[in-house]
Amino acid sequence: MTGSPHEASADLITLPGTPLADAVVNLIRPVETPSVFNHSVRSYLFARLVAGRLGLAVGHDYHDDLLFAACAMHDLGVASDGPHSHRFEVEGADRAAAFLIERGVPAADADRVWQAIALHTSPGIAERHGTLCVLVREGVALDFGGPLGGGHIDAVTDEQADAVHAAYPRLDMIRSLTDAIVAQAAKNPANAPRYTIPGEFLRERETYGRTRLEHACSSSRWGN
């Protein structure tokens with residue numbers, strides 16, 4: 001007998017519930033906007049769907065706690081309590097790795113999370129650095145609904161998307177996240193090198209008032 005639709009939806013949106021995952025949630029929830037927090041969690045939920053589509057098994061091909069940690073903390077670099085002294089991907093990766101090591105996660109695993117976060121805006125590079133980098137990159141890309149690329153937009157059915165968005169609403173995520181990235185980038189020239197995501201977002205906002213990604217997302221699968 002198959003499970004009920006309610007059970008399927010519950011499984012889809014269930015978070016790891018481990019002490020480490022709970023600690024990650026307690027770290028990011030107070031310092032990220034609700035929309036960025038929801039985006040971070042949705043990226044994990046979508047990454048799990050991509051893992052299933054790729055035939056990857058949790059516990060064998062990837063560690064669920066590490067996937068959750070990397071997805072949930074991938075935008076920690078724009079958190080309100082951060083030093084904001086490096087580009088947001090690197091700052092977030094540094095903070096995440098330090099947090100994990102403080103909680104007894106082996107240095108090699110913390111470094112895998114560091115790479116996944118630092119490279120999540122680097123298509124063509126992230127994909128060559130192991131399964132965790134691939135899943136984080138694809139989970140984040142899926143939550144943008146298409147404009148960030150990735151070949152797994154059809155890994156999520158409309159019913160699954162509805163369940164994920166009901167549990168973790170978008171809350172105008174594209175604008176909220178772009179605002180946070182631009183504000184962090186504007187604090188220090190080192191935060192916004194040319195031809196990086198923060199650098200280009202800052203310059204596009206200053207020049208046009210809107211980034212190309214914001215424009216593209218307005219007509220993407222999920223919208224803003």
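See above for the structure.
Everything numeric in this text was worked out from a predicted model, so none of it was measured. (Residues numbered from 1 in each chain as written. Predicted model: local features only at pLDDT ≥ 70, side-chain atom pairs only at ≥ 80, totals over all residues. Heavy atoms only, no water.)

1. Considerations on the overall build of the chain
Threshold: The helix count covers DSSP runs of H or I at least four residues long, the strand count covers runs of E at least two residues long, and both are numbered beginning at the N terminus. Only C-alpha atoms enter the radius of gyration, while the globule expectation follows 2.2 Å times N to the 0.38, with N the number of residues. Burial here depends on accessible area, computed with a 1.4 Å probe over protein chains only, as a share of the maximum for the residue type. Under 20% is buried, over 50% is exposed, and the range in between is partly exposed. Any two residues whose heavy atoms approach within 4.5 Å at even a single point are treated as in contact.
Summing up its helical and strand segments, the chain has 11 helices and 0 strands in all. Against the 2.2 N^0.38 benchmark of 17 Å for 224 residues, the chain shows a C-alpha radius of gyration of 17 Å, consistent with a compact globule. Dimensions of the chain along its principal axes, counting C-alpha atoms only, are 60 × 40 × 35 Å. The buried share of the chain, taken over its 224 residues, is 51%. Considering only contacts in the chain between residues 6 or more positions apart, those separated by 24 or more positions represent 67%.

2. Notes on the packing of aromatic side chains
Filter applied, for reference: By convention, a stacked pair of Phe, Tyr or Trp rings (six-membered ring in the case of Trp) has centres within 6.5 Å and planes under 30 degrees apart, an edge-to-face pair has planes over 60 apart, and any other such pair is tilted.
Within the structure shown, the criterion is met by 2 aromatic pairs. Where Tyr 44 meets Phe 68, the ring centres are 5.0 Å apart and the plane angle is 90°; that geometry is what we call edge-to-face. Placement of the pair is Tyr 44 in helix H3 (residues 34-53) and Phe 68 in helix H4 (residues 64-72), with a sequence separation of 24 residues. Pairing Phe 46 with Trp 222 gives two aromatic rings, centres 5.8 Å apart and planes at 10°, and the pair type is stacked. Here Phe 46, found in helix H3, pairs with Trp 222, found in the segment after helix H11 (212-217); they are 176 residues apart in sequence, far enough to count as distant. Trp 222 matches Phe 46 in its accessibility class, with the two residues each being buried.

3. Some thoughts on the nonpolar core
Going by this rule: Buried residues of nine kinds, namely Ala, Val, Leu, Ile, Met, Phe, Trp, Tyr and Cys, make up a nonpolar core once their side-chain atoms join them within 4.5 Å.
Leu 67, Met 73, Leu 100, Val 113, Leu 132, Val 136 and Phe 144 are the most contacted members of the largest nonpolar core, which has 69 residues in total. A total of 10 residues in this core trace back to one element, the largest contributor, which is H3. Those residues within four positions of Leu 67 in sequence are excluded, and the remaining contacts are Tyr 44, Ala 47, Arg 48, Tyr 62, Leu 132, Leu 135 and Val 136.

4. Here's the deal with the packing of helix H5 (residues 88-102) against helix H6 (residues 107-118)
The condition is simple: Fitted lines through C-alpha atoms give the axes, limited to the stretch in contact for helices. The angle between two N-to-C directions lies from 0 to 180 degrees. For classification purposes, an angle smaller than 35 degrees is called roughly parallel, one larger than 145 roughly antiparallel, one from 65 to 115 roughly perpendicular, and anything else oblique. Less than a right angle of anticlockwise turn of the near helix away from the far helix marks a crossing as left-handed, whereas a clockwise turn marks it as right-handed. Three residue categories are used. Nonpolar comprises Ala, Val, Leu, Ile, Met, Phe, Trp, Tyr, Cys and Pro, charged comprises Asp, Glu, Lys and Arg, and polar comprises the others, including Gly.
Contact geometry of H5 with H6 gives a least axis separation of 8 Å together with a crossing angle of 160°. Relative to H6, the element H5 lies roughly antiparallel. Viewed along their axes, H5 and H6 form a crossing whose handedness is right-handed. In contact with Glu 89, Val 90, Gly 92, Ala 93, Asp 94, Ala 96, Ala 97, Leu 100 and Ile 101 of H5, H6 contributes Ala 110, Val 113, Trp 114, Ile 117 and Ala 118. Across the contact of H5 with H6, the residue classes tally to 11 nonpolar, 1 polar and 2 charged.

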